[in-house]
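So you can see what is in the structure, the chains are spelled out below.
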Amino acid sequence: ILAHPREPTARMHTFYMSHGHIYNEQNLPPLMDGDIFLYGHTHVLRAEKKGAHTFLNPGSVSLPKEGNIPTYAILEDGVFTIKGFDGTVVKQLTL
């Protein structure tokens, strides 16, 4: 139980999460309009809305590709934030 209950600030989302070696942007899972696809495997960070879907990839902590720095991601209060280890915000998307 929350000590200080609060109203939700963002609508509910349906996430489809995959490592990315089977389902990826070239072979999409069974998404519905408005769904969010969170995947990895490519080691390329991504946070963008494309058509009826949102695509999220935190990048890589050990082997980043395409010239990116090592990154990780946080989903908090409806915001997907990709950060470097020094706390630098690399990319951010409000869901």
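The sections below set out a description of the structure shown in this document.

Relative to the helices and strands, Ser60 is located in the loop between β4 (53–57) and β5 (71–76). Within the local environment of Ser60, its side chain forms a polar contact with the backbone nitrogen of Ser62, the two atoms lying 3.2 Å apart. Side-chain polar atoms of Ser60 contact the backbone nitrogen of Leu63, separated by 2.8 Å. Not counting the four nearest positions on each side in its chain, Ser60 is found in contact with His43, Ile69, Pro70 and Thr71.

With that out of the way, let us pick up the sheet that holds strand β7 (residues 89–94). The strand order β5-β6-β7 describes an open sheet built from three strands, whose pairing is antiparallel. Bordering the open sheet on either side are β5 and β7, each of which pairs with just one other strand. Taken over all neighbouring pairs, the strand axes of this sheet differ in orientation by 15 degrees on average, direction set aside. Examined bridge by bridge, β5 and strand β6 (residues 79–84) share six bridges and lie antiparallel to one another. Bridging across to β6, Thr71 finds its partner in Gly84.

What counts and what doesn't
- Residues numbered from 1 in each chain as written.
- Predicted model: local features only at pLDDT ≥ 70, side-chain atom pairs only at ≥ 80, totals over all residues.
- Heavy atoms only, no water.
- Helix = DSSP H or I, 4+ residues; strand = E, 2+ residues; numbered from the N terminus.
- Polar contact = N/O pair within 3.5 Å; in protein donor to acceptor, adjacent residues only side chain to side chain.
- Contact = heavy atoms within 4.5 Å.
- Pairing = 2+ DSSP bridges.
- Axes fitted to C-alpha atoms, helices over the stretch in contact; angles between N-to-C directions.

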